[in-house]
Amino acid sequence: MARAWEATGGPAPLEECHLGDSQGHPSYVLTVGYGPYAEDAKYWAFERRDEKAPAGAWAGELLTARYWTSTTCDGGQPAFFIVVPAGGGAYRPAEQPADDLAYERAALKAFAERSAKAHGCPVPPAPPASGEAER
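Residues numbered from 1 in each chain as written. Predicted model: local features only at pLDDT ≥ 70, side-chain atom pairs only at ≥ 80, totals over all residues. Heavy atoms only, no water.

Trainee: An account of the packing of aromatic side chains is needed here, citing residue identities and associated values.
Mentor: Per the counting criterion, the structure on display carries four aromatic pairs. Between Tyr 28 and Tyr 103, the ring centres sit 6.1 Å apart and the planes meet at 35°, which makes this aromatic pair tilted. In this pair, Tyr 28 sits in strand E3 (residues 26–34) while Tyr 103 sits in helix H2 (residues 98–118), placing the two residues 75 residues apart along the sequence. A relative accessible area of 9% places Tyr 28 in the buried class. Tyr 103 gets classed as partly exposed once you look at its relative accessible area, which sits at 28%. Taken together, a centroid distance of 6.4 Å and an interplanar angle of 85° make the contact between Phe 81 and Phe 111 edge-to-face. Of this pair, Phe 81 sits in strand E6 (residues 78–85) while Phe 111 sits in helix H2, and the two are 30 residues apart along the sequence. Just as Phe 81 is buried, Phe 111 falls in that class too. Feature note: the residues Tyr 34, Phe 81 and Phe 111 constitute an aromatic cluster, connected by ring pairs. (Phe/Tyr/Trp six-rings, centres within 6.5 Å; stacked < 30°, edge-to-face > 60°. Helix = DSSP H or I, 4+ residues; strand = E, 2+ residues; numbered from the N terminus. Buried < 20%, exposed > 50% of the residue type's maximum accessible area, 1.4 Å probe, protein only.)

Trainee: Which residues make up the pairing of E3, and what are the values?
Mentor: Burial within E3 is extensive, with seven of its nine residues counted as buried. By the bridge criterion, seven bridges tie strand E2 (residues 14–20) to E3 in an arrangement that is antiparallel. Counterpart to Gly 20 in the pairing with E3 is Pro 26. (Pairing = 2+ DSSP bridges.)

Trainee: Kindly report on H2, identifying the contributing residues and their values.
Mentor: Spanning 21 residues, H2 covers 30 Å between terminal C-alpha atoms, matching the ideal 30 Å at 1.5 Å per step. Among the residues making up H2, those that are buried are Leu 101, Glu 104, Arg 105, Ala 107, Leu 108, Phe 111, Ala 112, Ser 115 and Ala 116. Seen along its axis, H2 keeps its buried residues to an arc of 160°; they face one direction. Projecting away from the buried face of H2 at angles above 90 degrees are the exposed residues Ala 98, Asp 99, Arg 114 and Lys 117. For H2, the elements touching its buried residues are E2, E3, strand E5 (67–72) and E6. Following H2 by one or two positions, Gly 120 adopts a phi angle in the positive range, close to 70°. (Expected span 1.5 Å × (residues − 1). Arc of directions from axis to C-beta. Contact = heavy atoms within 4.5 Å.)

Trainee: Residues and numbers for the environment of Val 29, please.
Mentor: Within the secondary structure, Val 29 is located in strand E3. With relative accessibility at 12%, the residue Val 29 sits in the buried group. Residues Val 29 and Pro 85, 56 residues apart in the sequence, show an inter-C-alpha distance of 6.2 Å. Ignoring anything within four residues of it in the chain, the contact list for Val 29 reads Glu 16, Cys 17, His 18, Ile 82, Val 83, Val 84 and Ala 86.

Structural data, given as C-alpha cells:
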C-alpha cells in the first residue's frame, strides 16, 4: 500500500486508519475500540455473524477472513483491533495471494502496536497466519 489516512490524531476510544494504493483507492480499514467501543466492535465482528471468539484467544482470523487481535489495558479495559477490506466487503477473494494476507497481518500488527503504546496498554499479539495456532 502506498497511502494511509488516519481518522484521529491521537489516543481516542475509537480509532481508524485507512490504507490505499498509490492512486488513492482505499484497500483496507484498520479499526480499534477501547473500553465499551471494544465490546461493540467484538459484537459486530463475531456474534452478529454467528461466530464466537475462541475461548482464551487473544488474536485470530474470523470465518469471514478478517484478522483481529486484542489486549487488556490498565483497569481491565479491553481493546479490540480488526482489519477489514475497504468498502465493508465481508470476504476476501478465495484466491487471495499469500503476500496480501501477510500484508494484512503486518498492517494490523503495526497499527495495534502503535495504538496500544499510545494508550499505555500492553502490545497485543500478532494474528496468526491462516491455519496457524495463536502464538
